[in-house]
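# Working through the structure, step by step
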Amino acid sequence: MNLLELQRRMAEDVMRPLTPDFQMQLATSNGRSTHELASSYIKPNDRLSSFDRLEIYNRQYWFRVIGAVSEDFPAVGAVLGAKKFDSMVLAYLRENPSTSFTLRNLGSKLPKWLESHPEFSPRRHALLLDVARLEWAYVEAFDGADLAPLTAADFGDLGAASPLFLQPHLQLLDLRYPVDELVLAVHRQTAPSDIMSNAVTERKQAKRTRLPAMRRSQIHLAVHRYENSVYYRRIDPEAYRLLFALQSGNLLGQALEAAFSGSSLSAEEQAAKIQECFAHAAELGWFCKPHEI
Amino acid sequence: MPANRFNGFSDYGVGIGLRVPHYDHIFAEKPVVDWFEIISENYMVDGGRALKVLDQILERYRVVQHGVSMYFGSTQPADREHLKRLKTLTRRTKTPWLSDHLCWGSVDGRYTHDLLPMPYTFEAVKATAARIREVQDFLEIPIAVENVSSYAEFHESQMTEWEFLNEVVEAADCGILLDVNNIYVSSQNHGFNPFDYVNSVPAERVAQIHIAGHSKFEKYILDTHDHPVLDSVWHLYARAIERVGPTATLLEWDDNIPSFDEVHSEALKATQYLTPTEVLIPSNSAVQESAREVVHS
Ligand SMILES: [Fe+2]
């Protein structure tokens, strides 16, 4: 077995899902004995078989990756409950193993993945999706880039054909439930943590939080960072459409059109809304110079 | 010995890891700490609080970068994005040297996020050393590779772990971050004498030392970094210092993290080993004496 073959063999074994009680499986999906597989490349010692030694790594892998995703989605965990949450994370990670050197990105595909997986909470699927979207937006806002904001002079030069760039940390969400309250309630209970080099011995469970009741009611949120803290700001639908159109690369004139197409607001009301939206956004530094490529 | 080309000819003493639960204490009390070790990956982000905190720390303290995801032993090519971000961070911290582990952890673009043990083969020596050289050339700062703790050994291995370490660092011409706790953990898990390991390390290449606590289970020992340093690890540390000379030393405490003062005072126990008793008695070698003074300044 050369180095590459050994690494492929071991990675496959280490990343194979555990049994429901967090042990190494006795056989692979095509029926091969994992005892035999382990013995083929790992030496036993006087206390541990090859299987036992491989199992240490197999368990550590899952505790670490489940832990990393769980830390980013504590409110999803609070809505689902620990057991369902663990099986959801496990199913997600089986299909989306890490492809990045950092654990930071491990949960990035969870909100999208969850869209086609209503089975974990059939009755509250829409709510769960909103919670997942907001929690991932928090991660992006927490450490996204913060570029030089536009100055008053820059604003003076703007016209309908101008592009207008938004801060990379700014996340815009169109949600069906007012989940900002729920997510805030859960996040207040969870401590931040870091990437470390030590072994993981257990699956740490978050404390249970009392969740506020959720009634369907559409909201639009701007999740952004201001002086190194992340804030959820509710914005009106027109402001959301305007900012979203800009974020999608539309020129200012097109974005304004998108914001008010089909709107029942009078021209004065529209002008007032635009004024208000720009004033807030500029005050919070949301508009920035083009991203360097 | 302690200031050598593998740690940028620096003279660092006892440091501790920079950890989130200690931020408030550090900023409020401004404790005297010789240096902090940071986990690079926690600061390889585009913006936000982590970088702000780091900049504040850098105003007052010396920082050394330690990584957990370079995977020198992985057969896949180095990740350019990773290297670029790391280099940007080294410019920010001005770390005199940079460490990561002598292990692998990814294959075919998939990451295990674990520090997996190497098969101790000549093929692995060659591949790993080539990768270390590549990273060292790209980052343009000295690299120190850390021995990991392990729970498995491979049939493929052709040499001992310390022979492998020696072969790799010679071939790569790089430094060593000697983790004496990892040596102890592996010695218990694999049944070798940890002093054989410490005694065989090329002393002139040791850039830094790690000490840490670990957890003993019924049949194996796990490198959990959640306890004070055990006596047996202090003994190994004493022997390492005897061979290597006073060297930048860092206590790792990553889980069940106690107060800043508790972690720092545990780390400072290392000072007694770093301050050779001969310094206290008149020495007939002025050269030796002044060399030591430089070390402890
Ligand atoms: Fe270490």
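The sections below set out a description of the structure shown in this document. Everything numeric here is computed off the predicted structure, so don't read it as measured data.

Turning to the overall build of chain B, a few remarks are in order. Scanning chain B for helices and strands turns up 11 helices and 12 strands. Considered along the principal axes of its C-alpha atoms, chain B spans approximately 55 × 45 × 40 Å. The 297 residues of chain B split such that 62% are buried. Partitioning the intrachain contacts of chain B with sequence separation of at least 6 by distance along the chain shows that 79% fall at a separation of at least 24. Surface accessibility of chain B: about 11400 Å² in total, with carbon and sulfur atoms responsible for 51%. Here chain B contributes 25 positive and 43 negative side-chain charges, whose respective centroids are spaced 7 Å apart.

Let us look at the coordination of the iron ion. All names here are of chain B. The coordination sphere of the iron ion contains the protein donors Glu146 (OE), Asp179 (OD), His210 (ND1) and Glu252 (OE), at a distance range of 1.9 to 2.3 Å. With 4 donor atoms in place around the iron ion and angles of 85 to 171° between them, the coordination shape is irregular. In terms of primary sequence, the donors binding the iron ion are separated according to E-x32-D-x30-H-x41-E. Separated by 106 residues along the polypeptide, glutamate 146 in strand S7 (residues 143–146) and glutamate 252 in strand S12 (residues 249–252) bring together distant segments of the chain. Judged on exposure class, the residue glutamate 146 and its partner glutamate 252 are both buried.

What follows concerns the packing of helix H1 (residues 3–14) of chain A against helix H3 (residues 50–72) of chain A. All names here are of chain A. At a minimum axis separation of 8 Å, H1 and H3 run at an interaxial angle of 60°. On the basis of the axis angle, H1 is oblique to H3. Residues Met10, Asp13 and Val14 of H1 form the contact with H3, whose own contacting residues are Leu54, Tyr57, Asn58, Tyr61 and Trp62. Along the lines of polarity and charge, the residues of the contact of H1 with H3 split into 6 nonpolar, 1 polar and 1 charged.

Whenever strands of a sheet pair, they do so through backbone hydrogen bonds, lying parallel or antiparallel. Residue and element names in this part refer to chain A. Overall, antiparallel pairing links the 3 strands, which are arranged S2-S3-S4 in an open sheet. Across the chains shown, the open sheet's two edge strands, defined by having one partner strand only, are strand S2 (171–175) and strand S4 (229–234). Between one strand and the next, the sheet's axes are offset by a mean angle of 25°, whatever the strand orientation. For strand S3 (residues 219–226) and S4, the ladder comprises 6 bridges, and the chain directions are antiparallel. Among the inter-strand pairings, leucine 221 is bridged to a residue of S4, identified as arginine 234. Contacts between helix H9 (residues 179–187) and the sheet are confined to S2, S3 and S4, with S4 contributing the most and set at about 160° to the helix. In the packing of helix H10 (residues 237–247) onto the sheet, the strands contacted are S2 and S3, and the crossing angle to S2 comes to about 130°.

Reading the values: rules and limits
- Residues numbered from 1 in each chain as written.
- Chains lettered and ligands numbered in written order.
- Predicted model: local features only at pLDDT ≥ 70, side-chain atom pairs only at ≥ 80, totals over all residues.
- Heavy atoms only, no water.
- Helix = DSSP H or I, 4+ residues; strand = E, 2+ residues; numbered from the N terminus.
- Buried < 20%, exposed > 50% of the residue type's maximum accessible area, 1.4 Å probe, protein only.
- Contact = heavy atoms within 4.5 Å.
- Areas by Shrake-Rupley, 256 points an atom, 1.4 Å probe, with all protein chains shown as cover.
- Lys, Arg positive; Asp, Glu negative; His and termini not counted.
- Charge placed at Lys NZ, Arg CZ, Asp CG, Glu CD.
- Donors = N, O, S within 2.8 Å, 3.2 Å for Na, K, Ca; no water.
- Tetrahedral: all angles 85-135°; square planar, octahedral: opposite > 155°, others 65-115°.
- Axes fitted to C-alpha atoms, helices over the stretch in contact; angles between N-to-C directions.
- Parallel < 35°, antiparallel > 145°, perpendicular 65-115°, else oblique.
- Nonpolar A, V, L, I, M, F, W, Y, C, P; charged D, E, K, R; others polar.
- Pairing = 2+ DSSP bridges.

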